Amino acid sequence: MAAHKLCMIPGPIEFHEDVLQAMATPATSHVAPNFIPALGESIELLRQILFTSGQPFIIAGSGTLGWDMTACNLIEAGEDVLVCNSGYFGDRFGECMETYGAKVTHLRVPIGESPQLAAVAAALKSKKYKAITITHVDTSTGVLSDIKGIADIVRKESPETLVVVDGVCSVGSEEIRMDAWGIDVVVTASQKALGAPPGLCVMGVSTRAIEVFKTRKTPVANYYANWNRWLPIMNAYEARKPSYFATPAVQNVYALHVSLKQIVAQGVEKRFALHKEASLKAKKFIHDLGLKLVPTSLEHAANGMSAVYYPEGVAATDLLPKLAAHGIVAAGGLHVEIAPKYFRIGHMGISVTEPERGHLDATLNALKISLAECGYKGAL
Ligand code: PMP
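Since the structure is predicted, the reported quantities are computational estimates derived from the model, not experimental observations.

Moving on, we come to the overall build of the chain. Regarding its fold elements, the chain presents 14 helices and 14 strands. At 21 Å, the chain has a C-alpha radius of gyration in line with the 21 Å of a compact globule built from 380 residues. Residue burial in the chain is summarised as follows: out of 380 residues, 58% are buried. In the chain, the proportion of contacts linking residues at least 24 apart, taken out of those at least 6 apart, comes to 72%. Taken as a whole, the chain presents about 14700 Å² of accessible surface, with 57% of it coming from carbon and sulfur. In the chain, the 35 positive side-chain charges and the 36 negative ones have mean positions that sit 1 Å from each other.

Quick look at the structure:
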C-alpha cells in the first residue's frame, strides 16, 4: 500500500491491503458469473454480521441513501416518527423523514448524553408512532445509544412501532442483534467499521418491516430508492442469477465482499471485544492526558471512536495540523453547538482488529506529542 497518513477519523477508515486490491479488479460486467457470487455472498454474510433472518440491501450510494430508503419505503405522508436525537445525525435523519411527509418529533438529550429509556417510554405512551429512529453511535458526539433497551421499551409500550437504527457508525464495531433485540431496520455504509472504501449503502431490514412496506397504501415517492425495484435484484443475486435495475458499484462490492469475509472469519463476537478493548485503552490514555470526553459517561461512550474536548489553550487550528505532521489524520468537531471545542478520533476496523499494525498506539503517541507541541502542560 502506498505510504500515506493514517486515516484515523470516524470513517472512512483504514482498510486492509486485500480490500484495496479488490478495488483494482479489472473491468467486470455487473452480470458476469464472477461478479454475481460476490454480491450474493455479501448479502448472506451481512445476515451473519447483523444477526438477522431479514433482508439485506447493498446499493451504490452512502449511508444517507439508507435514510432515504427507510423514509420513502416505510413511512407514508402524515405518519408520526419519533427521532431519538443524540446529535447532528438525529437532526439530519429527522430532516430526511420530513422530506417524505413524516411528522417528526425529536426526543433530544443534552450534548454528551444518550437517550433515556423513561423518556422514550413516556413519548411512546403519548402518541402512536409508525417508527422510532435511534442513532446507535452519533458520530458528532461519540455517544452510544442503548438500542437493545430502547427496542425492549418499544415492544412493551408500542409493539407495532418500527425500530430503526442508524448504524452507520456502529455496524462492525458495536454489538447489534437485529432478530433477538427486535430491530426492524439497520442502516449503514461501507466506509466505517465494515472496513471498505466509501460507495455503498448497506442495510438490514426485518421480515416484519418488509411486510409493512408491502402493505403500504400510497406509492413510494422515490425512483432509485424504491424497494419494489431493489427487492427482486437482491433476491436474484442471492439466487446467483443475473438481474439489473441500476448498475451496482462492481469494484466496491468486490472490496466489501473481501472485508465481510474477513469479519466473519475473525468472528463477530471477537470483533466486538477487540473494539471494546481498544476503546478502553484510548479512553484511559485520553483521561490520563487530562482531557475530557464529549460523552458524559463511559457507560454510553462509543467503542469505535472517541470525541474529546480540547484542553484550555489548545485549538483545532493548533492540534489537527500537528497530528497530521506526525502522520495522523483526525477529525474536527461536527456538532454545531460545540464544533470548535472538540476533536474526534476513529478506532475501528483493522486499526483495532489487527493491533500489530500499531495504528492506535501511533495515534495516541502522536496526540501526546502534538499536545505538548501546542504548549499543553497537563497530565503528560
Ligand atoms: N449517520 C451517521 C451516524 C453517520 O456517521 C453518517 C456519516 N458520517 C451518516 C449517517 C451519513 O452517512 P454517509 O456520509 O455515508 O452518507
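Next comes the rest of the description.
In the numbering used here, UniProt assigns the feature "binding site: substrate" (unreviewed entry) to Arg344. The topology assignment puts arginine 344 in strand β14 (residues 342-346). Its relative accessible area of 9% is what places arginine 344 among the buried residues. Residue contacts for arginine 344: discarding those within four places in its chain leaves Met8, Pro10, Thr139, Ser140, Met305, Ser306, Ala307, Ala330, Ala331, Gly332, Gly333 and Leu334.

Let's shift gears to helix α4 (residues 88-99). For α4, which comprises twelve residues, the first-to-last C-alpha distance of 17 Å matches the rise-based estimate of 16 Å (1.5 Å per residue) to within 8%. Every buried residue of α4 is listed here: Phe89, Gly90, Phe93, Gly94, Cys96 and Met97. Buried residues of α4, seen end-on, are gathered within an arc of 160 degrees and therefore sit on one face of the element. Residues of α4 that are buried sit in contact with α3 (63-74), β3 (80-85), β4 (103-108), β5 (131-135), β6 (137-138) and β8 (162-166). Glycine 101 sits one or two positions beyond α4 and adopts a positive phi of about 90 degrees.

Each packed pair of helices is defined by two parameters, the angle between the axes and the distance between the axes. For the pair helix α5 (residues 117-126) and helix α6 (residues 147-157), interaxial distance at closest approach is 10 Å and the crossing angle is 30 degrees. Taken together, the axes of α5 and α6 are roughly parallel relative to one another. Handedness of the crossing formed by α5 with α6: right-handed. Judged by residue contacts, Leu117, Val120, Ala121, Leu124 and Lys125 of α5 engage Gly149, Ile150, Ile153, Val154 and Glu157 from α6.

Residues annotated by UniProt as "modified residue: N6-(pyridoxal phosphate)lysine" (unreviewed entry) correspond here to Lys192. You can see lysine 192 is positioned in the loop between β9 (185-189) and β10 (200-205). In this structure lysine 192 comes out as buried when scored by relative accessible area, which is 8%. Residues in contact with lysine 192, not counting those within four places in the same chain, are Pro10, Gly11, Ile13, Thr139, Val168, Cys169 and Met348. Reaching out from lysine 192, the side chain makes a polar contact with the backbone oxygen of proline 10 at a distance of 2.9 Å.

Near the ligand lie 13 residues; those nearest to it are Ser62, Thr64, Thr139, Asp166 and Lys192. At 2.8 Å from an oxygen atom of the ligand is found a main-chain nitrogen or oxygen belonging to glycine 63. Relative to its unbound accessible surface of 390 Å², the ligand loses 85% to contact with the protein. Counting residues per element, the shell around the ligand draws most heavily on α3, at three residues.

Each value, and the rule that gives it
Within any chain, residue numbers begin from 1 and follow the written order of that chain's sequence. Two thresholds apply to this predicted model, a pLDDT of at least 70 for residue-level local features and 80 or more for giving and counting side-chain atom pairs, whereas whole-chain, interface and lining totals are computed over all residues. Side-chain metrics in this entry use all non-hydrogen atoms of the structure; hydrogen atoms and water are not considered. Each helix is a run of H or I in the DSSP string that is no shorter than four residues. Each strand is a run of E no shorter than two, and both are numbered from the N terminus. For the radius of gyration, the atoms used are the C-alpha atoms, and the globule rule reads 2.2 Å times the number of residues raised to 0.38. Burial status follows relative accessibility: with a 1.4 Å probe on protein chains alone, a residue under 20% of its type maximum counts as buried, one over 50% as exposed, and anything between as partly exposed. For this analysis, residues touch if any pair of their heavy atoms sits within 4.5 Å. The Shrake-Rupley method, run with a 1.4 Å probe sphere, supplies the accessible areas, and residue values consider only the shown protein chains as cover. Counted as positive: Lys and Arg. Counted as negative: Asp and Glu. His and the chain ends are not counted at all. Taken as the charge centre is NZ of Lys, CZ of Arg, CG of Asp or CD of Glu, depending on the residue. UniProt positions are given in the numbering used here, feature names are shortened, and annotations may be inferred rather than shown by experiment. Helices are assigned an expected span. That span is 1.5 Å times one less than the residue count. Each direction from the helix axis to a C-beta atom contributes to the arc, which is the arc of those directions. Simply put, an axis is a line fit to the C-alpha atoms, just over the touching stretch for a helix, and the angle between two N-to-C directions goes from 0 to 180 degrees. Each angle gets one of four labels, with under 35 degrees taken as roughly parallel, over 145 as roughly antiparallel, 65 to 115 as roughly perpendicular, and the rest as oblique. Crossing handedness follows the turn of the near helix against the far one: under a right angle anticlockwise gives a left-handed crossing, and clockwise gives a right-handed one. Counted as a polar contact is a pair of N or O atoms within 3.5 Å, where, for protein atoms, one must be capable of donating a hydrogen and the other of accepting one, and residues adjacent in sequence contribute only when both atoms are in side chains. Any residue with at least one heavy atom within 4 Å of a molecule or strand is counted as near it.

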